[in-house]
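# Architecture at a glance
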Amino acid sequence: MILYFATGKFTNTLKTLMKQWQPHLQQVVRPMNYAELFAQNRLPKATYIFSDHERMSPELLRMAAAYAEQMRPYGRIMNEPDKVLTRHGLLKKLSEQGKNRFRAYRLHEITPEIRFPVFLRADNDHKGPRSGLLQTFAEVEECAASLIAEGFEIHHLLVVEYMAEKGKDGAFRRYGAHRVGDRILPQILTFDSEWQVKGVGVRSPENAREELDYIRDNPHAQAVWESFQAANIEYGRMDYSVVDGQVQTYEINTNPLIMWRKGDVPRRGRRLVSAPFSKLFAAALLQLDSHGTGEFEVDKQRIAKATLRASLESDAEAAMATRA
C-alpha cells in the first residue's frame, strides 16, 4: 500500500488519475490529508509519501517529521518532512551551486548586488509570479506593499531575478518533469509569447512535435535528477526552462496535479500524450509500493514529545540568532 499525505482539500491531485485513467491504483494508493493522518490510532505498514511542504506551517512540518520517524520501521518514507527544501531554500542552493543563474531573496535579504529585472511571488503556493517585471528597488517596495495590503504575509514573499529565454521562433518554453522514486518522467512542454508561460500555451503542430520529442527523449533527465536530489525530493514535479543550453529550475511541487479530466483533454491539445503518460506514471507509482502487510499502533504521546522538542530547539536557535 501507498499512503499519500497532503494538506486539506489538496489530496485531489491524484484522484483524477486514479478514478478516470488508471482505476487499478485505487487498490494500492490511499490519499489522506494531514488532519486524517493525525486522527489515526493505527496505520498500515506501507510506503509513505509526504507532500505539500510549501503549504505546511513549521509546526505541521515538525509533527509530520515525528510521524515519519515513527513510520520508519514499518515502510518506506519519501519526501522526509524535515529534509525537503521548499522554494526559497532550493533556489538559494541551486544558485550557490552554479546550477541556476538567478537568485531568489526574501525581502529582508535584498542586497545591492541583486540583478534587475525581478518579480515577486509567494513561496507557499503554485500560482506563479504575483507581479510583472520590476526594474528598481522602489518598484519592488511598492509592489510588495500592495501584496501585503491584499493579505500576503511578508515572510512568504520572494523577490526572484528574471531568467528566461525566447526560442528562435519567438516563444518562451516551460518544461515539466516528474520524479517518481528512481524515475524521471517528462510530461509537458508549454509555449507562450509572454515570459509568464501559463496553462498549456500555444498548440501548433510544430509545438506538438517538439513536445513529443521532449517526452520521448527526456533530454534533461540528469539535470532534473540533480535538482530533485538537491531538494531531497523523491516525488514531485519540476518546472524549468533552458537558457543558453543550461537547465534553470523554477520550482519543485511536491503535490502536483497529475492528470486533467478526460473531458478536458481534447480542448487542451493533450490527446497524444495523456493516456501513455498516465500508464507510465501509474507503473512508476506502483514500483514504490513496499508491499508491507499488517498495521502498527501510533504512539501519539511519543509524537507529541518529539514535536515539542523540535519546537523548543527551533525557538532556542531563533533566540540565539537574534542575540547574535
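Notes on the structure follow. (Residues numbered from 1 in each chain as written. Predicted model: local features only at pLDDT ≥ 70, side-chain atom pairs only at ≥ 80, totals over all residues. Heavy atoms only, no water.)

Along the protein chain, the regular secondary structure elements total nine helices and 13 strands. For the protein chain, the C-alpha radius of gyration of 21 Å lies close to 20 Å, the compact-globule estimate for 324 residues. Its C-alpha atoms give the protein chain principal-axis dimensions of about 60 × 55 × 35 Å. Buried residues in the protein chain amount to 47% of all 324 residues. Across the protein chain, contacts joining residues at least 24 apart in sequence account for 69% of those joining residues at least 6 apart. Accessible surface computed for the protein chain: about 15,800 Å², of which carbon and sulfur atoms make up 51%. (Helix = DSSP H or I, 4+ residues; strand = E, 2+ residues; numbered from the N terminus. Rg over C-alpha atoms; globule rule 2.2 N^0.38 Å. Buried < 20%, exposed > 50% of the residue type's maximum accessible area, 1.4 Å probe, protein only. Contact = heavy atoms within 4.5 Å. Areas by Shrake-Rupley, 256 points an atom, 1.4 Å probe, with all protein chains shown as cover.)

Let's shift gears to the layout of surface pockets. When its volume is computed, the second largest pocket comes out at roughly 370 Å³. The wall of the second largest pocket is formed by 18 residues, among which His53, Met56, Leu61, Val84 and Thr86 lie closest to the centre. When grouped by side-chain class, the residues that make up the lining of the second largest pocket number six nonpolar, five polar and seven charged. (1 Å grid on protein atoms, 1.4 Å probe; cavity = no way out; pocket = protein on both sides within 12 Å on 5 of 7 lines; lining within 4 Å. Points joined across faces, edges and corners; volume = space filled by probe spheres on them. Nonpolar A, V, L, I, M, F, W, Y, C, P; charged D, E, K, R; others polar.)

What follows concerns the nonpolar core. Core analysis: the largest hydrophobic core is formed by 24 residues, its most contacted members being Leu14, Tyr235, Phe281 and Leu285. With five residues, the single largest contributor to this core is helix 8 (residues 271–286). By size, the runner-up hydrophobic cluster in this structure holds 21 residues, among which are Phe5, Leu43, Met71 and Val298. (Core = buried A, V, L, I, M, F, W, Y, C linked by side-chain atoms within 4.5 Å.)

On to empty space enclosed by the protein, then. Within this structure, the stated rule accounts for one cavity of 30 Å³ or more. In terms of lining residues, the largest cavity is bounded by Glu54, Leu85, Thr86, Arg87, Leu90, Ile233, Glu251 and Ile252. Of the residues belonging to the lining of the largest cavity, the class tally is four nonpolar, one polar and three charged.

Across the five residues that make up strand 1 (residues 2–6), a large majority, five, are buried. Summarising the sheet, strand 1 and strand 2 (residues 29–33) pair through five bridges and their orientation is parallel. Its bridge partner lying in strand 2, Leu3 is registered against Arg30. Where strand 1 lies against strand 4 (residues 47–50), four bridges are found, and the strand directions are parallel. Opposite Leu3, over in strand 4, you have Tyr48 as the bridge partner. (Pairing = 2+ DSSP bridges.)

Position of Leu120 among the secondary structure elements: in strand 7 (residues 118–122). Each C-alpha atom of the pair Leu120 and Ala164 lies 15 Å from the other, and the pair is 44 residues apart in sequence. With residues up to four places along the chain from it excluded, the contact list for Leu120 reads Pro129, Arg130, Ser131, Leu134, Val140, Cys143, Ala144, Leu147, Leu158 and Val159.

What follows is about the pattern of salt bridges. As enumerated under the stated definition, the model contains 20 salt bridges in all. Of the charged contacts, one joins Glu69 and Arg72 as a salt bridge, the two residues approaching to 2.8 Å between their closest N and O atoms. For Glu69, a relative accessible area of 43% puts it in the partly exposed group. Overall, Arg72 belongs to the partly exposed group, its relative accessible area being 33%. Between Glu251 and Arg121 there is a salt bridge, with the nearest N and O atoms lying 3.9 Å from each other. Here the residue Glu251 occupies a position in strand 12 (residues 246–253), and Arg121 occupies one in strand 7, the gap between them amounting to 130 residues. Judged on exposure class, the residue Glu251 and its partner Arg121 are both buried. Overlapping salt bridges, with partners in common, bring together Glu69, Arg72 and Glu80 in one network. (Salt bridge = Lys/Arg side-chain N within 4 Å of Asp/Glu carboxyl O.)

Looking now at the side chain of Asp125. Structurally, Asp125 can be placed in the loop between strand 7 and helix 5 (137–150). At 2.7 Å, the side chain of Asp125 forms a polar contact with the side chain of Arg130. With sequence-adjacent residues up to four places away left out, Asp125 is seen in contact with Arg87, Arg130 and Glu251. (Polar contact = N/O pair within 3.5 Å; in protein donor to acceptor, adjacent residues only side chain to side chain.)

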